[in-house]
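Descriptive structure summary
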Amino acid sequence: MIINKLDNVEINLKNGHKYALCDIKEGENIIKYGSPIGHAICDIKKGEHVHTHNVKTNLSGNLEYIYNYKDYGIKNEKSDLYFEGYVRENGDVGIRNEIWIVNTVGCVNKTAEILANKTGAKHFPHPFGCSQLGDDQKTTQLILKGMVNHPNAAGVLVLGLGCENNNIEVFKEVLGEYSKKRVRFLNAQDFDDEIAEGVKIIEELKEYAKGFKREKIHISKLKLGLKCGGSDGYSGISANPLVGSLSDRVISLGGSCVLTEVPEMFGAEHLLMERCENKEVFDKTVKLINNFKDYYTRHNQVIYENPSPGNKAGGISTLEEK
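Quick summary incoming for the structure in this document. It should be emphasised that the depicted structure is a prediction, and the values quoted were computed from it without experimental measurement.

Here's the deal with the pattern of salt bridges
Taken as a whole and judged by the stated rule, the model has 17 salt bridges. Across the pair Lys 293 and Glu 269 runs a salt bridge whose closest N-O atoms are separated by 3.9 Å. Here Lys 293 is found in helix H7 (residues 279-298), whereas its partner Glu 269 is found in helix H6 (residues 269-273), with 24 residues between them in sequence. Here Lys 293 falls in the buried class, since its relative accessible area comes to 1%. Take Glu 269: its relative accessible area is 3%, and that puts it in the buried class. Salt bridges sharing common partners tie together Lys 18, Lys 32 and Glu 321.

Structure follows, in structure tokens:
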């Protein structure tokens, strides 16, 4: 706790928390970084602590948006910058050269773990694939397909049990074309000793992976995946703008950045929408936001049940602010 004064108003400062710079009347918006992050639910005096006890989100249902492109001066640049990575047979680029075990079903999580411990391969446990149906199973299959095709994996063992809905033969229909040298399959129920068979296949995949060597690759091939960290009241002047600046730079050089966690765009989506390069991209972004809000509504959940307790302890009051 820090004791400070704001124009002769003594205030007790908590790191990362907000304090009113002027009197704010009940119902008025709370402005931070030039945008509303909620509204006052009571009168707030200059110097008073502004947080969950006197601020409420402005978020509710779907909104209508108008396309208003804003030029941030990010131009395509020519560069000889490079990173070191591995070029796969299909031209994709990875920055790792690992062997992955991808399960068709959660029932073989322990088998995958044992194989990973014996061989040094990476495994990714999950609880899905057994009795899933329809779109639910389709979502699982598409995620697993993306993992099998990920260029950070030099070789992949697709591990199944044999009796699951998402069995290997069914999953192959979703997977489509694949390299038989890079992707191998193992149904545990087809072998008396699935561990020994799995170790054998993984060792063969490791030999295949040795054929790839790190080489210089132009920065335009770089793809960054972004994930949220432990947000607090300082994130907006530290980590977030740094990651944003890095993303702008990578994109200007022809690379790509993937922004995840759609619900954490709520309340700041207008800032993303004004960056959309054309109306088509704008319309897709609007659909992305509103479809996710509809998802919450269909399941009788409020769309603003965020930030987390830890975020609030760090000074974040509403989802818009986060």
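Quick word on the packing of aromatic side chains
Under the definition given, this model contains eight aromatic pairs. Geometrically, the ring pair formed by Tyr 67 and Phe 282 is tilted, given 5.1 Å between the ring centres and 35 degrees between the ring planes. Of this pair, Tyr 67 sits in the loop between strand S7 (55-56) and strand S8 (82-87) while Phe 282 sits in helix H7, and the two are 215 residues apart along the sequence. The class of Phe 282 is buried, set by a relative accessible area of 4%. Ring geometry for Tyr 208 versus Phe 212: centroids 5.4 Å apart, planes at 85 degrees, classification edge-to-face. Its relative accessible area of 17% is what places Tyr 208 among the buried residues. Ring pairs connect the aromatic residues Phe 266, Phe 292, Tyr 295 and Tyr 296, which therefore count as one cluster. Over the face of the ring belonging to Phe 266 we find Lys 293, whose NZ or CZ atom lies 5.4 Å from the ring centre.

Details of the side chain of Thr 104
Examined against the element boundaries, Thr 104 turns out to sit in the loop between strand S10 (98-103) and helix H1 (109-119). What makes Thr 104 buried here is its relative accessible area of 1%. At a separation of 2.6 Å, a polar atom in the side chain of Thr 104 contacts the side chain of Glu 164. Ignoring anything within four residues of it in the chain, the contact list for Thr 104 reads His 126, Phe 128, Gly 129, Leu 144, Val 158, Leu 159, Gly 160, Leu 161, Glu 164, Asn 166, Ile 168 and Phe 171.

Quick word on the packing of helix H2 (residues 134-148) against helix H3 (residues 168-175)
Helix-helix packing is described using two parameters, namely the angle between the two axes and the distance between the axes. Contact geometry for H2 and H3: axes closest at 10 Å, N-to-C directions at 70 degrees. Relative to H3, the element H2 is oriented roughly perpendicular. On H3, the residues that touch Gln 137, Lys 138, Gln 141, Leu 142, Leu 144, Lys 145 and Val 148 of H2 are Val 170, Phe 171, Val 174 and Leu 175. A class-by-class count of the residues in the contact of H2 with H3 yields seven nonpolar, two polar and two charged.

Topic: the nonpolar core
Counting 22 residues, the largest nonpolar core has Ile 99, Ile 101, Leu 115, Leu 157, Leu 159 and Ile 202 as the members making the most contacts within it. Ignoring any residue separated from it by four or fewer positions in sequence, one finds Leu 159 in contact with Ile 101, Val 102, Asn 103, Thr 104, Val 105, Val 108, Thr 111, Ala 112, Leu 115 and Leu 186.

Structural notes on the packing of H1 against helix H4 (residues 194-209)
Close contact between H1 and H4 brings their axes to 10 Å; oriented N to C, the two are set at 50 degrees. Here H1 lies oblique to H4, going by the angle between them. The handedness of the crossing between H1 and H4 comes out as right-handed. Contacts from Thr 111, Ile 114, Leu 115, Lys 118 and Thr 119 in H1 reach Glu 194, Ile 195, Gly 198, Val 199, Ile 202, Glu 203 and Lys 206 in H4. A class-by-class count of the residues in the contact of H1 with H4 yields five nonpolar, three polar and four charged.

Parameters at a glance
Residues numbered from 1 in each chain as written. Predicted model: local features only at pLDDT ≥ 70, side-chain atom pairs only at ≥ 80, totals over all residues. Heavy atoms only, no water. Salt bridge = Lys/Arg side-chain N within 4 Å of Asp/Glu carboxyl O. Helix = DSSP H or I, 4+ residues; strand = E, 2+ residues; numbered from the N terminus. Buried < 20%, exposed > 50% of the residue type's maximum accessible area, 1.4 Å probe, protein only. Phe/Tyr/Trp six-rings, centres within 6.5 Å; stacked < 30°, edge-to-face > 60°. Lys NZ or Arg CZ within 6 Å of the ring centre and 35° of its normal. Polar contact = N/O pair within 3.5 Å; in protein donor to acceptor, adjacent residues only side chain to side chain. Contact = heavy atoms within 4.5 Å. Axes fitted to C-alpha atoms, helices over the stretch in contact; angles between N-to-C directions. Parallel < 35°, antiparallel > 145°, perpendicular 65-115°, else oblique. Nonpolar A, V, L, I, M, F, W, Y, C, P; charged D, E, K, R; others polar. Core = buried A, V, L, I, M, F, W, Y, C linked by side-chain atoms within 4.5 Å. Left-handed = near helix turned anticlockwise from the far one by under 90°.

Interpretation note: all reported values are geometric properties and have no functional meaning in isolation.
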